[in-house]
Amino acid sequence: MPHLVEMRPDPGNPGFGISHPLLYTLPRMLKHSLLIHPEINLVLGRAGHHSKILIADGNYPASSKMGPNAELISLNLSPGLVTVNQTLRALLSAIPVDAVNTMGIPADDPYAQQGDPPVWAEYRETISEAELDLQMEPIQKWDFYEAVASDDHVLTIQTGDQALWANVLLTVGCRTS
């Protein structure tokens, strides 16, 4: 249930001019902990259940691979800064998450023979530290691009991460408390 705030007219402000209380609904999607970026918080506050948030590594074509409703916020300060995992940690402290998807490596890619990218172990640790009972699920590269291109995609955060196959797609969950 949304949090309701009753707003009464301000008798000291003649321009206010309303003679009855107004009710405003304030979104309660954000959990607020580590995330302080104002633009990201603005987008997350408008996002709802099933919205998609892409945390893109430094190699992802962020300006050309976005959904029609998505906003792009560039945090790629310099090579390696900030990382996808740092961004993931901040986002997991701020919003409920139903799913975590990585960009899967095609079988014919030379990196596919090496197993999971090392950065995926970091993501699993971050998810565990956030006390989420979620498993990362890879989406094959071209299907990943299609998932990002959906109407549900609301935000891409471009990082400077240089790790290979580091992209993460989050699905926003529901607040239950």
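Structure: see above.
The model shown is predicted, which means the values in this text are computed figures rather than measured ones.

Its location among the elements puts I36 in the loop between β2 (22-26) and α1 (38-46). Separated by 54 residues in sequence, I36 and A90 place their C-alpha atoms 8.6 Å apart.

Turning to the pattern of salt bridges, a few remarks are in order. It is possible for side chains bearing opposite charge to pair when their charged atoms get close. Across all of its chains, the model carries three salt bridges by this definition. Between R46 and E71 there is a salt bridge; the shortest N-O distance is 2.5 Å. Pair noted here: R46 is in helix α1 and E71 is in strand β4 (residues 71-74), with a separation of 25 residues, a long-range link. Two residues, R124 and D116, come together in a salt bridge whose shortest N-O distance is 2.9 Å.

Ranked by size, the top nonpolar core spans 29 residues in total, and within it I53, L91, Y123, L155 and L170 carry the most contacts. Contributions of two or more residues to this core are made by α1, β3 (52-56), α2 (84-92), β5 (97-104), α3 (118-129), β7 (153-158) and β8 (168-172). For this core, the leading source of residues is α2, giving five residues. If near-sequence neighbours (up to four positions away) are discounted, Y123 is found in contact with V84, N85, L88, T102, M136, D161, A166 and V168. Formed by 11 residues, the second largest nonpolar core is a distinct cluster that contains L54, A62, F144 and V148.

What follows covers the packing of aromatic side chains. Tallying each qualifying case throughout the model produces two aromatic pairs. Seen from their ring centres, Y60 and Y145 are 5.6 Å apart, and the 50 degrees between their planes marks the pair as tilted. Of this pair, Y60 sits in the loop between β3 and β4 while Y145 is found in helix α4 (residues 141-148), placing the two residues 85 residues apart along the sequence. Both residues of the pair, Y60 and Y145, count as buried.

Running from N to C, α2 and α3 point in directions that differ by 15 degrees, and their axes come no closer than 10 Å. One element, α2, and the other, α3, form an angle in the roughly parallel class. By crossing handedness, the relation of α2 to α3 is classed as right-handed. Judged by residue contacts, V84, N85, L88, R89 and L92 of α2 engage E122, Y123, T126, I127 and E129 from α3.

Assignment of secondary structure puts H153 in strand β7. The class for H153 is buried, based on a relative accessible area of 0%. Of note is the side chain of H153, whose polar atom sits 2.9 Å from the backbone nitrogen of G67. If near-sequence neighbours (up to four positions away) are discounted, H153 is found in contact with K52, L54, M66, G67, N69, A70 and V148.

This brings us to the pairing of β5. In terms of burial, β5 is largely enclosed, as six of its eight residues are buried. Bridging between β5 and β8 involves five bridges; their strand directions are antiparallel. Paired with N101 across the two strands is L169, which belongs to β8. A crossover links β5 with its parallel partner strand β6 (residues 136-140), the connecting element being α3, and its sense is right-handed.

Turning to its location among the elements, H37 is positioned in the loop between β2 and α1. Considered as a pair, H37 and A90 are 53 residues apart in the sequence and their alpha carbons are 9.7 Å apart. Beyond its immediate chain neighbours, meaning those up to four positions away, H37 contacts I73 and L75. Engagement of the side chain of H37 in a polar contact is seen with the backbone nitrogen of I40, the distance being 3.2 Å.

Thresholds, definitions, all that
- Residues numbered from 1 in each chain as written.
- Predicted model: local features only at pLDDT ≥ 70, side-chain atom pairs only at ≥ 80, totals over all residues.
- Heavy atoms only, no water.
- Helix = DSSP H or I, 4+ residues; strand = E, 2+ residues; numbered from the N terminus.
- Salt bridge = Lys/Arg side-chain N within 4 Å of Asp/Glu carboxyl O.
- Core = buried A, V, L, I, M, F, W, Y, C linked by side-chain atoms within 4.5 Å.
- Buried < 20%, exposed > 50% of the residue type's maximum accessible area, 1.4 Å probe, protein only.
- Contact = heavy atoms within 4.5 Å.
- Phe/Tyr/Trp six-rings, centres within 6.5 Å; stacked < 30°, edge-to-face > 60°.
- Axes fitted to C-alpha atoms, helices over the stretch in contact; angles between N-to-C directions.
- Parallel < 35°, antiparallel > 145°, perpendicular 65-115°, else oblique.
- Left-handed = near helix turned anticlockwise from the far one by under 90°.
- Polar contact = N/O pair within 3.5 Å; in protein donor to acceptor, adjacent residues only side chain to side chain.
- Pairing = 2+ DSSP bridges.
- Right-handed = clockwise from strand over helix to strand, strands pointing away.

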